[in-house]
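# Summary of structural features
Okay, here's what each chain looks like letter by letter:
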Amino acid sequence: MPELNMRSIGGVLARQGILIAFIAFMIGFTLWNPRFIEPNNVFGVVRSSAILGVMALGVTFVVIGGNLDLSVGSMLSFSAIVVLDLHENPAFGPALAIPAMFAATLCLGAINGFLIGYLRLNSLIVTLGMLSAIHGLTLTYSGGQNMDIANQSATWFDVFGRGTAMGIPVPVLIFGLLAAFLGILLAKTPFGRKVYAVGGNGTAATFSGIPRARIVFFTYMISAFCVATAGLIQASRTMGAQNTVGQGLELEVLAAVILGGASLLGGSGTIFKTVIGVLILGFIQNGLLLAGLEFYVQFVVTWVIIILAVWLDIAAKRGKLWSPIA
Amino acid sequence: MQQDRLKNLLSSGAIWGFIVLELIFFSIAGEYLSLSERAFMDLDNMLLLLKQSAPIGIIAVGMCVIMINGNIDLSVGAIFALCAIVMLDSMSWPMFDALGDWVIPVSACLALLTGCVLGFINGFIVWKTGVDAFIVTLGAMLGYRGLVFMYNGEQPTSNLNWTLVDMAEADILGVETPAIIFLVVVVVVWLIMSRTVHGRNAYAIGDNREAAVNAGIRVGPHFVMNFVLIGFLSALSAVAFYSASGSVNPNDGMLFELWAITAVVLGGTKLTGGKGSVIGTFGGVIAIQLLRKGLGHIGADSETVNLVIGCILIAVLFLDRQLNRKSTGELKV
C-alpha cells in the first residue's frame, strides 16, 4: 500500500494532505492576524479542544476495531452529572466521587462492548439505542434538573478543569498524557496490533486465533474510560452540568476521527492523526472567529473540509479523482 | 420448511404483532394506572397519534428507501429545520407582498425546492466522489445545521399565518392534514418501491451493488434520485409540521435522523440494504409513537420513555440477529 501511494507526487500530497492543509491553514491565518500564533491563543484553543480530544482518543480505538460509538455524547452528560452529584453527596465527597463515576461509566461501556463484541450486534444501532437509553438514564438520575455545585468556592476538584501545572493547563496535560499512553498502546503493543487486525478483517483475525469479541469489548471499555475522563474535565471546568451537555458531541468526535484519516470500515487510523484532526477542528473554529466570521460558519467550513479530506484520501487510494460508481 | 415459514412470518409480521401487544398492554394498564379519564384506545387518541407521528414518519419513509439502497442519511434533521426557516421566512418577503394568501403555496414550493436541492447536493457528492454516504451526510448534518444557525443566530424564526393554520388543522373524517400527508406519502412511496423499475433497482443495488452495475443499472444517478426524494420528504415534513406552529427554533429537528433510523430498523429493513418495506417502516413509526404515547398515558416520564425505547431497539436487533443468523453465513465465535 505505501509504495503504491509513493509512486506519484500527487499521491503523497493526498496522503499527507490533511497535515499539509493544516500547516497551510496555520500560516495563512497567522499572516492575516499575527495574534493567531501567540502562545496564549494556541493554548486556549488546545484547552478548549481537550474535552473533544479526549473523547476522540477512545473513539479512535472503536473505529479502528471496525465499529462505531454514537453513545459517547450522552455518556459524557451522564458522567458529568454523576460526578457532580456525588461530589455534593456527603457520603462520597470529591475523592470518592471520581472513582465511583468512572466505575459507573465503565459499566455502560461494558454493556456496549458486550452487545457488540460478544453478541455481535450492529454497532451503529446498538450505540444509537444506547444514546437514547443513557440520555433517559441521566434524566432519571438527575430528576430532569441541571446539576450545579452549591458551594462554588474553590476546591482541589477544580484542578481538572481550570488548574495549571508547570504553566500548562491541566486539561491539555491530561489530553497529552492520555494521547501518549493510548498512542503507545495502539502502535507498540500486541493489543494494538490485534485491534488493527480485528478491524481490518475480522474473520481472518478469528482464524488466526485473535479473540475478536474480547478485543472489541476492550475498545468500548477504552472509549468509556476516555468519556469518563472528559466528563471529569467538563464537570470540573464549569462546576455545573446540563443533562444535554454532550448532545451532538458524538458527531463532532466522529468528525475529528475521520478527519484524522481513520477509515470507517476499520483497520486504519492512528492516535497521532486523530490528535491532528482534533486540533484542525479547534484551530479552524478559532481562526474563523479571529478572522471576524460568524461562529456558525465553522460548521459549514468543517463540512467542506471533512468531505475534501476523505475524498482526497480515497482518491489517492484508487488512483483517480472521480468515483467508479456508474 | 416449517421453520422457514415461521421465520418469514416473524420477520415480516413481527412489527404488527408488537403493535397489537402494545395496544393490549396499554389498554389494560391504562385501566389501572392511568390518571386520565379516557381509555387509551379512544378513536380521537388514535387519530392524534397518527398526526403526531407524521413529522418523523414522513422522513422515515424516505430513510427506508435510502437504507434499502444500502446508504444512510444523517442530515435529515438539519434539512427539516432549514426548510422550515425557508418556508416561514419567505412568507414575509416584500417581493411576495402582492400575493396575499397565495404566498402560502409559493413559500411551500420554495421549501420543497430547498429540500430537493440539499438532497441533490448530498447525492451528487456521494455519486461523484465515492465518499461513503455516512460521512457525506454526517458532514452535511453539521454543515446544514450551520446554515440554520447562520440565518438567525440562536433566535427562533417565526411567522404565524392564520390561513395556513386553518389549512393545517383542516380534517377529513377527523384525519387532520399532517396525517393525510403522511398516509399519502406512505402509499405513493410504497407504490414506487413495489411497482416500478426504480423500486426494483433500489432492492437490486442494495442487495449487491456490483451485480447491479453489471446488470446495467446506473447506480450513481439512482442514488442521487433517492437523496433528492428524502430531501423532498424532509421538506414536506417541515411544511406539514410548521404550518400550524409557525415558529422554528434553530435546534429543531435534532435527533430526527436517529428516530427515523430507529423506526426503519424496527420495521424490518436491513442495515446492509436490499431488504425492507415501506409498510414495515410505517409499522415501525406507529409502534414507536404508540410506545411514547402509551408510556405517557400510564404516567411514565419522558426520561423513562427514552430508556425503554433504547432497550427495545437493542432487543429487536438481537431477535433479528437470532432469526437471520443462518442466512448471513458468518463465522460464529
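Residues numbered from 1 in each chain as written. Chains lettered and ligands numbered in written order. Predicted model: local features only at pLDDT ≥ 70, side-chain atom pairs only at ≥ 80, totals over all residues. Heavy atoms only, no water.

The name that an unreviewed UniProt entry assigns to chain B is Autoinducer 2 import system permease protein LsrD, with the source organism given as Gymnodinialimonas phycosphaerae. Under the UniProt heading Subcellular location (unreviewed entry), the entry covering chain B gives this text: "Cell membrane". (UniProt positions renumbered as here; feature names shortened; annotations may be inferred.)

As annotated in an unreviewed UniProt entry, chain A carries the name ABC transporter permease and is attributed to Gymnodinialimonas phycosphaerae. Looking at the Subcellular location (unreviewed entry) heading of the UniProt record, one finds this comment for chain A: "Cell membrane".

Attention now moves to the overall build of chain B. Assigned secondary structure in chain B consists of 13 helices and 4 strands. Relative to a compact globule of 333 residues, whose C-alpha radius of gyration would be 20 Å, chain B shows 21 Å and is just as compact. Taken along the three principal axes of its C-alpha coordinates, chain B extends 70 × 60 × 35 Å. Out of the 333 residues in chain B, the part that is buried amounts to 53%. Put simply, 79% of the contacts in chain B that link residues at least 6 apart link residues at least 24 apart. (Helix = DSSP H or I, 4+ residues; strand = E, 2+ residues; numbered from the N terminus. Rg over C-alpha atoms; globule rule 2.2 N^0.38 Å. Buried < 20%, exposed > 50% of the residue type's maximum accessible area, 1.4 Å probe, protein only. Contact = heavy atoms within 4.5 Å.)

Right, let's talk about the UniProt feature "transmembrane region" (unreviewed entry) in chain B for a bit. Annotation from UniProt places "transmembrane region" (unreviewed entry) at residues 9–29, 49–68, 75–96, 102–121, 133–152, 172–193, 223–244 and 304–323 of chain B. Helix and strand shares over residues 102–121 of chain B are 95% and 0% respectively, and the end C-alpha atoms of the span are 29 Å apart.

Using the criterion set out here, one finds 20 aromatic pairs over all chains in the structure. With a centroid separation of 6.0 Å and 5° between ring planes, the pair formed by A:Phe29 and A:Trp32 is classed as stacked. Of the two residues, A:Phe29 and A:Trp32 are both situated in helix H3 (residues 17–32); the distance of 3 residues between them amounts to about one turn of the helix. Ring centres of B:Phe80 and B:Phe256 lie 4.8 Å apart, and the angle between their planes is 45°; on these two criteria the pair is classed as tilted. Residue B:Phe80 is located in helix H3 (residues 76–90), and its partner B:Phe256 is located in helix H11 (residues 256–266); the two are separated by 176 residues in the primary sequence. A relative accessible area of 1% places B:Phe80 in the buried class. Given a relative accessible area of 16%, B:Phe256 falls into the buried group. Feature note: the residues A:Phe114, A:Tyr118, A:Phe191, A:Phe217 and A:Phe218 constitute an aromatic cluster, connected by ring pairs. Positioned above the aromatic ring of B:Trp127 is the side chain of B:Lys128, whose terminal nitrogen or guanidinium carbon lies 4.3 Å from the ring centre. (Phe/Tyr/Trp six-rings, centres within 6.5 Å; stacked < 30°, edge-to-face > 60°. Lys NZ or Arg CZ within 6 Å of the ring centre and 35° of its normal.)

Quick look at the packing of helix H4 (residues 39–64) of chain A against helix H12 (residues 212–238) of chain A now. All names here are of chain A. Where H4 meets H12, the axes come as close as 7 Å, and the angle between the chain directions of the two elements is 170°. With respect to each other, H4 and H12 are oriented roughly antiparallel. The segment H4 lies against H12, with Arg47, Ser48, Ile51, Val54, Met55, Leu57, Gly58, Val59, Phe61 and Val62 engaging Thr219, Tyr220, Ile222, Ser223, Cys226, Val227, Thr229, Ala230, Ile233, Gln234 and Arg237. (Axes fitted to C-alpha atoms, helices over the stretch in contact; angles between N-to-C directions. Parallel < 35°, antiparallel > 145°, perpendicular 65-115°, else oblique.)

Turning to helix H4 (residues 103–129) of chain B, a few remarks are in order. Taking 1.5 Å of rise per residue, 27 residues should cover 39 Å, and H4(B) covers 38 Å from first to last C-alpha, within 8% of that figure. Backbone geometry just after H4(B) places B:Gly130 at a positive phi near 75°. (Expected span 1.5 Å × (residues − 1).)

In this section: the side chain of A:Thr229. All names here are of chain A. As for its placement among the helices and strands, Thr229 is situated in helix H12. A relative accessible area of 9% means that Thr229 is categorised as buried. Those residues in contact with Thr229, other than ones at most four positions away along the chain, are Val54, Phe102 and Ile174.

What follows deals with helix H2 (residues 43–68) of chain B. Note that an α-helix has 3.6 residues per turn; residues three or four places apart therefore point the same way. All names here are of chain B. Remark: the principal bend of H2, roughly 55°, maps to Ala54, with a proline, Pro55, within the next four residues. Burial of H2 is extensive: 19 of the 26 residues sit out of reach of the surface. Note on H2: the residue one or two positions beyond its end, Gly70, has a positive phi of about 90°. (Bend = angle between axes of the 7 residues up to and from the residue.)

On to the interface of chain B and chain A, then. Chain B puts 52 residues into the contact, and the matching count from chain A is 48 residues. When the two sides are added together, the surface that chain B and chain A hide from each other amounts to roughly 4400 Å², 79% of it contributed by carbon and sulfur. Our enumeration of links across chain B and chain A arrives at 0 salt bridges. Applying the counting criterion to the chain B and chain A interface returns 1 residue pair in polar contact (both at pLDDT 80 or more). It is helix H5 (residues 133–152) of chain B that provides the largest number of residues to the side of chain B that touches chain A, a total of 15 residues. For the side of chain B that touches chain A, the per-class residue count stands at 34 nonpolar, 10 polar and 8 charged. (Buried area = accessible area lost by both parts, 1.4 Å probe. Salt bridge = Lys/Arg side-chain N within 4 Å of Asp/Glu carboxyl O. Polar contact = N/O pair within 3.5 Å; in protein donor to acceptor, adjacent residues only side chain to side chain. Nonpolar A, V, L, I, M, F, W, Y, C, P; charged D, E, K, R; others polar.)

We now examine the confidence of the model for chain B. Residues and elements named next belong to chain B. In this model, chain B carries a mean pLDDT of 84, and residues with pLDDT of at least 70 account for 91%. Every residue in residues 326–333 is under pLDDT 50, and counting partners more than four places away or in other chains gives 10 contacts. This complex was scored by the predictor with a pTM of 0.84 and an ipTM of 0.79. (pLDDT = per-residue confidence, 0-100.)

It is worth spelling out the pattern of salt bridges at this point. In a structure, side chains of opposite charge can pair up when their charged atoms sit close to one another. Residues and elements named next belong to chain B. Counted under the stated rule, the structure contains 1 salt bridge over all chains. For Lys51, the salt bridge goes to Glu176, with nearest N and O atoms at 3.3 Å. With Lys51 in helix H2 and Glu176 in strand E3 (residues 175–176), this residue pair connects regions lying 125 residues apart in the sequence. Under the relative-accessibility criterion, Lys51 is labelled partly exposed at 27%.

To continue, consider the UniProt feature "transmembrane region" (unreviewed entry) in chain A. Taking the UniProt record as the reference, the feature "transmembrane region" (unreviewed entry) is found at residues 12–31, 51–84, 96–118, 124–144, 165–187, 215–233, 253–284 and 296–316 of chain A. What you have in residues 215–233 of chain A is 100% helix and 0% strand, and the ends, taken at the C-alpha atoms, are 27 Å apart.

Residue and element names in this part refer to chain A. Relative orientation of the contacting elements H4 and helix H5 (residues 72–88) amounts to 125°, with a least axis distance of 12 Å. Judged by the inter-axis angle, H4 sits oblique to H5. Crossing handedness for the pair H4 and H5: right-handed. Contacts between H4 and H5 involve Ile51, Met55 and Val59 on the former and, on the latter, Val72, Gly73 and Leu76. Each residue belonging to the contact of H4 with H5 can be placed in one class, and the counts come to 5 nonpolar, 1 polar and no charged. (Left-handed = near helix turned anticlockwise from the far one by under 90°.)

This part is about a nonpolar patch on the surface. On the surface, B:Trp16, B:Val187, B:Trp190, B:Leu191 and B:Ile279 cluster together into a nonpolar patch covering about 400 Å² of accessible area. Relative to the assigned elements, B:Trp190 resides in helix H7 (residues 177–195). (Patch = residues over 30% accessible without salt bridge, like charges linked within 9 Å, V, L, I, M, F, W, Y side chains within 5 Å. Areas by Shrake-Rupley, 256 points an atom, 1.4 Å probe, with all protein chains shown as cover.)

Moving on, we come to the layout of surface pockets. All names here are of chain A. Approximately 1400 Å³ is the volume found for the second largest pocket. In terms of lining, the second largest pocket is formed by 50 residues, of which the most central are Gln247, Gly248, Leu249, Glu252 and Phe299. Considered class by class, the residues forming the lining of the second largest pocket number 25 nonpolar, 18 polar and 7 charged. (1 Å grid on protein atoms, 1.4 Å probe; cavity = no way out; pocket = protein on both sides within 12 Å on 5 of 7 lines; lining within 4 Å. Points joined across faces, edges and corners; volume = space filled by probe spheres on them.)

Below, the discussion takes up unusual backbone geometry. Residues and elements named next belong to chain A. One non-glycine residue, Arg120, adopts positive backbone phi at about 60°. Tracing the backbone through its elements, the reader meets Arg120 in the loop between helix H6 (93–118) and helix H7 (123–142). For Arg120, a relative accessible area of 16% corresponds to the buried category.

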